[in-house]
Amino acid sequence: MATIHDVAKRAGVAPITVSRVINNSGYASEKTRRRVEAAVAELGYVPSGPARSLRIKRTDSIALVLTDITNPFFTTVARGVEDAASEAGYTVTFCNTDEDETKEQKNLDLLLRQQVDGILLVPAMSKPDAVSYIRGHDVPVVVLDRRMPDSWADVVRCDSEGGAYKLVRYLLDLGHQRIAILTGPQGTSTADDRLAGYLGAMSDAGIAVEDGWVRRGFFNQASGYEMAVQILDQEPRPTAVFAANNFIAIGAMKAFQEAGLSVPEDMAVAGFDDLPEALVMDPFLTVAAQPAYEMAQEATRLLLARISGEAPEAPKEIVLPTVLIIRQSTGEALE
């Protein structure tokens with residue numbers, strides 16, 4: 001077990017300085033504080049007594065770390081978090097990572113220095129590193145939107161695999177067999193789960209997925225556009241596309257429009273996540289909609305329960321269902 005003297009030696013300071021930093025008592029420069037916190041994390045140091053003694057002072061603030069604040073889905077999530085937090089007397093700090101693990105780490109370092117009471121995290125990748133780092137600083141964390149395998153963490157998410165299955169099943173029921181999927185990067189659970197739902201529906205329908213029907217990119221419009229252009233080169237061309245999030249769908253619709261294709265007559269398009277009325281496209285998208293606001297509220301309440309010590313000891317996973325909303329972007333297969 002590391003001692004306070006080990007931490008002091010690693011950080012190049014006196015033991016009393018380490019005590020000031022971890023107990024938030026007395027003065028320590030920001031540079032010194034960062035060195036001590038880094039040494040504590042590297043050595044896994046926990047002082048005697050309950051681990052919560054590391055955090056004597058409450059700040060009545062929590063943080064929400066998102067991957068793309070410009071996405072309407074996450075805008076709704078942010079509103080849900082803020083409403084629930086405000087009702088409980090907490091303020092919220094918002095951070096954006098752009099699906100970048102390096103940027104995510106910088107944001108987490110900043111938030112931990114600010115001593116937020118808890119963190120709601122949409123991880124850049126579905127691996128335990130970020131959660132372990134937060135918990136190593138004795139800060140409660142709840143993972144939003146994505147699965148977090150091999151990690152001790154509360155998770156609040158929607159059923160991505162089930163929603164994708166329902167959406168692809170609907171396209172199959174319309175008579176489409178050549179269905180392509182445009183999804184996000186491997187290792188991101190929402191991208192992987194939606195691909196699994198697509199593959200499950202195609203398999204259950206007895207349809208072999210051809211090379212080129214599965215396209216991986218990023219959850220943004222530019223990537224959706226690029227992937228859609230790629231599938232247009234397929235021969236024979238797919239008659240329907242499942243876009244694994246709303247931004248991918250918008251990019252794909254632009255590519256189809258520029259290629260002179262009509263939706264849904266020439267190409268049926270279905271997406272994951274709904275869009276606000278201000279962004280309505282003509283034809284408007286058939287979607288598997290996630291209850292973003294409710295998910296955010298559930299996650300915030302769970303985090304606040306962790307902060308107050310009222311949550312059950314074992315981590316919880318709350319999985320909310322999606323809703324299939326049928327609109328004008330999907331029609332029966334014409335061939």
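Let me begin by describing the structure that accompanies this report. All values reported here derive from a predicted model rather than from experimental measurement.

### Quick look at the side chain of asparagine 71
Reasoning step 1: The residue asparagine 71 is located in the loop between strand E1 (61-66) and helix H4 (72-87) in this model.
Reasoning step 2: Of note is the side chain of asparagine 71, whose polar atom sits 2.9 Å from the backbone nitrogen of phenylalanine 73.
Reasoning step 3: Contacts of asparagine 71, omitting those with residues within four sequence positions, involve Asn245, Asn246 and Phe247.

### Observations concerning the pattern of salt bridges
Reasoning step 1: Under the definition given, this model contains 12 salt bridges.
Reasoning step 2: The partner of arginine 146 in a salt bridge is glutamate 99, and the shortest N-O contact between them spans 2.8 Å. In this pair, arginine 146 is assigned in the loop between strand E4 (141-144) and strand E5 (154-158) and glutamate 99 in the loop between strand E2 (91-96) and helix H5 (101-113), connecting sequence segments 47 residues apart.
Reasoning step 3: You can call arginine 146 buried: its relative accessible area is 1%.
Reasoning step 4: Given the relative accessible area of 25%, glutamate 99 is considered partly exposed.
Reasoning step 5: For arginine 327, the salt bridge identified is with aspartate 274, shortest N-O distance 3.0 Å. Residue arginine 327 is located in the segment after strand E12 (323-325), and its partner aspartate 274 is located in the loop between strand E9 (268-272) and strand E10 (286-289); the two are separated by 53 residues in the primary sequence.
Reasoning step 6: Overall, arginine 327 belongs to the partly exposed group, its relative accessible area being 21%.

Each value, and the rule that gives it
Residues numbered from 1 in each chain as written. Predicted model: local features only at pLDDT ≥ 70, side-chain atom pairs only at ≥ 80, totals over all residues. Heavy atoms only, no water. Helix = DSSP H or I, 4+ residues; strand = E, 2+ residues; numbered from the N terminus. Polar contact = N/O pair within 3.5 Å; in protein donor to acceptor, adjacent residues only side chain to side chain. Contact = heavy atoms within 4.5 Å. Salt bridge = Lys/Arg side-chain N within 4 Å of Asp/Glu carboxyl O. Buried < 20%, exposed > 50% of the residue type's maximum accessible area, 1.4 Å probe, protein only.

By themselves, these figures tell us nothing about what the structure is for.
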